Amino acid sequence: MIEINKNFLWYKLRKNLLGSKTNYENLRNKKILITGGTGFIGSWIVHGLSIINTNHNLNITLILLVRSKEKINRFKFLDKFINIEYVLGDITKFKLINKDITHLIHAAGVYKATKSEIRKVIEKAAENILKIIRKNKINNLIF
């Protein structure tokens with residue numbers, strides 16, 4: 001059996017991002033709200049943005065919407081690479097306190113529920129995200 005290093009995906013992500021010829025200058029001094037930032041997909045986004053931020057010295061601030069207090073400071077080890085703030089809340093009810101958000105990445109999801117419950121959460125979250133982007137005039141969205 002082949003043993004794979006636990007950090008294999010991290011190093012692969014880092015290598016690809018550092019080797020990319022993408023111009024990240026449009027992220028300089030931006031504030032990015034990530035829903036589900038401590039979940040599986042969201043955590044990879046956080047790691048990727050920390051690599052980009054460090055490599056290009058962009059001064060990005062991430063604001064992570066988390067549902068439980070236990071998730072606050074989950075990425076403390078990244079503090080030397082990127083500024084991360086945590087906001088406690090649920091995406092279906094969350095009301096953004098103006099933090100001059102420039103980008104919103106929606107990575108939150110529900111997977112431990114019935115299909116009907118999952119659908120309701122997705123619909124409520126989508127409605128709420130639309131309210132947030134309209135009210136705060138956020139022009140950059142990844143859903």
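For the structure, see preceding data.
None of these values were measured; they are calculated from a predicted model.

## Re the packing of aromatic side chains
Next up, step 1: Under the defined criterion, the tally for this structure stands at one aromatic pair.
Next up, step 2: Ring centres 6.1 Å apart and planes at 65 degrees place the aromatic pair Phe75 and Phe77 in the edge-to-face group.

## Overview of the environment of Thr114
Next up, step 1: Relative to the helices and strands, Thr114 is located in the loop between β4 (103-106) and α3 (115-135).
Next up, step 2: Counting along the chain gives eleven residues from Thr114 to His103, while the straight-line C-alpha distance between them is 31 Å.

## Structural notes on the nonpolar core
Next up, step 1: One finds Ile32, Ile34, Val46, Leu49, Leu62, Leu64 and Ile84 to be the most contacted residues of the largest nonpolar core, which totals 20 residues.
Next up, step 2: Those elements giving two or more residues to this core turn out to be β1 (31-35), α2 (40-56), β2 (61-66) and β3 (83-88).
Next up, step 3: In this structure Leu64 touches Ile34, Gly37, Thr38, Val46, Phe75, Ile84, Glu85, Tyr86 and Val87, once residues within four positions along its chain are discounted.
Next up, step 4: Among the nonpolar cores identified, the runner-up in size contains 14 residues, and Val87, Phe94, Ile101 and Ala125 belong to it.

## Overview of the side chain of Thr35
Next up, step 1: Along the chain, Thr35 falls in strand β1.
Next up, step 2: Ignoring anything within four residues of it in the chain, the contact list for Thr35 reads Leu65, Ile91, Ile105, His106, Ala107 and Ala108.

## Regarding the layout of surface pockets
Next up, step 1: Of the volumes computed, that of the largest pocket is approximately 650 Å³.
Next up, step 2: Counting residues per element, the lining of the largest pocket draws most heavily on α3, which supplies four residues.
Next up, step 3: Partitioned by chemical class, the residues of the lining of the largest pocket number 14 nonpolar, eleven polar and three charged.
Next up, step 4: Taken together, Trp10, Arg14, Leu18, His47, Ser50, Ile51, Thr54, Asn55, Phe77, Leu78 and Phe81 make up the lining of the second largest pocket.

## Side note on the pairing of β1
Next up, step 1: Burial of β1 is extensive: four of the five residues sit out of reach of the surface.
Next up, step 2: The pairing of β1 with β2 spans five bridges and is parallel. Directly across from Lys31, in β2, lies its bridge partner Thr61.
Next up, step 3: Following the chain from β1 across α2 to the adjacent parallel β2, one finds a crossover that is right-handed.
Next up, step 4: In this sheet, β4 lies alongside β1 in parallel orientation, the contact comprising four bridges. Residue pairing across strands places Ile34 opposite Ile105, the latter belonging to β4.

Rules of the game
- Residues numbered from 1 in each chain as written.
- Predicted model: local features only at pLDDT ≥ 70, side-chain atom pairs only at ≥ 80, totals over all residues.
- Heavy atoms only, no water.
- Phe/Tyr/Trp six-rings, centres within 6.5 Å; stacked < 30°, edge-to-face > 60°.
- Helix = DSSP H or I, 4+ residues; strand = E, 2+ residues; numbered from the N terminus.
- Core = buried A, V, L, I, M, F, W, Y, C linked by side-chain atoms within 4.5 Å.
- Buried < 20%, exposed > 50% of the residue type's maximum accessible area, 1.4 Å probe, protein only.
- Contact = heavy atoms within 4.5 Å.
- 1 Å grid on protein atoms, 1.4 Å probe; cavity = no way out; pocket = protein on both sides within 12 Å on 5 of 7 lines; lining within 4 Å.
- Points joined across faces, edges and corners; volume = space filled by probe spheres on them.
- Nonpolar A, V, L, I, M, F, W, Y, C, P; charged D, E, K, R; others polar.
- Pairing = 2+ DSSP bridges.
- Right-handed = clockwise from strand over helix to strand, strands pointing away.

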